[in-house]
Amino acid sequence: VIVVLIVISAVVFGLTLKSAFESTFLSRCEKFDQYDCKKVWDAFQQAYVNKDPCKVPVEAYDPLIAAAPFKPQCNRMMFWSKTKDVVHGFTEKRDCFVTLEDTLLGSVLDGLTWCGKEGSKDTNTTGCPGWSDCENNTVRSFWIRASAAFADVACGNVTAMLNGSINTPFNPTSIFASVEVPRFIASRVKNLNVVMVIQKNNISNCTDPSLKNLRQSIDTGITFSCKDVSESQIQECGAKPEIACGDCW
Ligand code: N1C
């Protein structure tokens, strides 16, 4: 009888325990003051729980964005495309720039996979559709919605790190090109400064034709600049706090 009771209570207790995913979400969230993480978690879950993971539109995350809005950080906002590791290697060490991953929502969900299922209230972390498996998938819709909200508050001098080791550093299918750049408006954003990350075997630089497309697609009134900067110079500035942010490149 005792064994049966122990098993039953273990099962009941187990069901009330938080999933590892929810624990990760809440512990990352709690590093930010001023937010009610339980409210943010509830707003997050309503976007995808009990839904087909391929039928989560971008707007499903509107209540989540409203629960944890982005604050404008003029002259410090950093965008990127295909340069995540270099960018975060730098921003981890220096506080010159703020990326989406430095905000509550970006940091809480960075690197995670999640989805729901019709007829279930669970959050799954396996068996979820991949980035390109279907258009309206749980994870992709989140990053599109969050990137749009982050770009909406961009102001002053905006920086973007693009990758000089790929054929098309400004790729029209990227979130940077399709979601963020169209939201930079001249009444808020003064300049867009591209830092082209140059590695030893780079195949493109600021003269790449795709950068012409970028220059042409930004709102008139926003000035544009592009600078080729070696990856090692970026890393060096990350390692040397005595170098002023404005002198990194
Ligand atoms: O498609 P991308 O690049 O151009 O998207 C990057 C762009 C950045 O400026 C960010 O503000 O969009 C935002 N963003 C993220 O912050 C982010 N963190 C993690 C977009 N995607 C993000 N991810 C994951 O990186 C996401 O799950 C997807 O797999 C990639 C997209 O990055 P990319 O193709 O290098």
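Scroll up to find the structure.
(A) Representation of the sheet that holds strand E1 (residues 78-81) in the model. What the four strands build is an open sheet, ordered E1-E2-E3-E4; its pairing is parallel. A single partner strand is all that each edge strand has here, and the edge strands are E1 and strand E4 (223-230). Along the sheet, successive strands turn relative to each other by an average axial angle of 20°, direction set aside. As paired elements, strand E3 (residues 189-198) and E4 share eight bridges and run parallel to each other. Paired with valine 195 across the strands is lysine 227, a residue of E4.

(B) Looking closely at the nonpolar core. Ranked by internal contacts, the top residues of the largest apolar core, which has 59 residues, are Phe184 and Leu214. No other element matches the eight residues that helix H7 (residues 138-152) contributes to this core. The residues touching phenylalanine 184, leaving out its near neighbours within four places in the chain, are Phe79, Ala151, Ala154, Val158, Phe176, Val189, Leu192, Asp219 and Ile222. Ranked by size, the runner-up nonpolar core spans 14 residues in total, among them Met78, Val86, Met161 and Val197.

(C) Spatial organisation of the packing of helix H2 (residues 20-29) against helix H3 (residues 37-45). Following both chains from N to C, one finds H2 and H3 inclined at 135°, their axes separated by 10 Å at the closest point. Put simply, H2 runs oblique to H3. In terms of crossing hand, the pair formed by H2 and H3 is right-handed. Of the residues in H3, those in contact with Phe21, Glu22, Phe25, Leu26 and Cys29 of H2 are Cys37, Lys38, Val40, Trp41 and Phe44. Taken together, the residues of the contact of H2 with H3 sort by class into eight nonpolar, no polar and two charged.

(D) Highlighting the layout of surface pockets. Estimates place the volume of the largest pocket at around 650 Å³. For the largest pocket, the lining is made up of 29 residues, of which Trp80, Trp131, Trp143, Ser147 and Ile175 are closest to its centre. Broken down by secondary-structure element, the contributors of at least two residues to the lining of the largest pocket are E1, H7 and helix H8 (175-180). When residues in the lining of the largest pocket are grouped by element, the largest group, seven residues, is from H7. Across the lining of the largest pocket, the residue classes break down as 14 nonpolar, eight polar and seven charged.

Scoring rules and cut-offs
- Residues numbered from 1 in each chain as written.
- Predicted model: local features only at pLDDT ≥ 70, side-chain atom pairs only at ≥ 80, totals over all residues.
- Heavy atoms only, no water.
- Pairing = 2+ DSSP bridges.
- Helix = DSSP H or I, 4+ residues; strand = E, 2+ residues; numbered from the N terminus.
- Axes fitted to C-alpha atoms, helices over the stretch in contact; angles between N-to-C directions.
- Core = buried A, V, L, I, M, F, W, Y, C linked by side-chain atoms within 4.5 Å.
- Buried < 20%, exposed > 50% of the residue type's maximum accessible area, 1.4 Å probe, protein only.
- Contact = heavy atoms within 4.5 Å.
- Parallel < 35°, antiparallel > 145°, perpendicular 65-115°, else oblique.
- Left-handed = near helix turned anticlockwise from the far one by under 90°.
- Nonpolar A, V, L, I, M, F, W, Y, C, P; charged D, E, K, R; others polar.
- 1 Å grid on protein atoms, 1.4 Å probe; cavity = no way out; pocket = protein on both sides within 12 Å on 5 of 7 lines; lining within 4 Å.
- Points joined across faces, edges and corners; volume = space filled by probe spheres on them.

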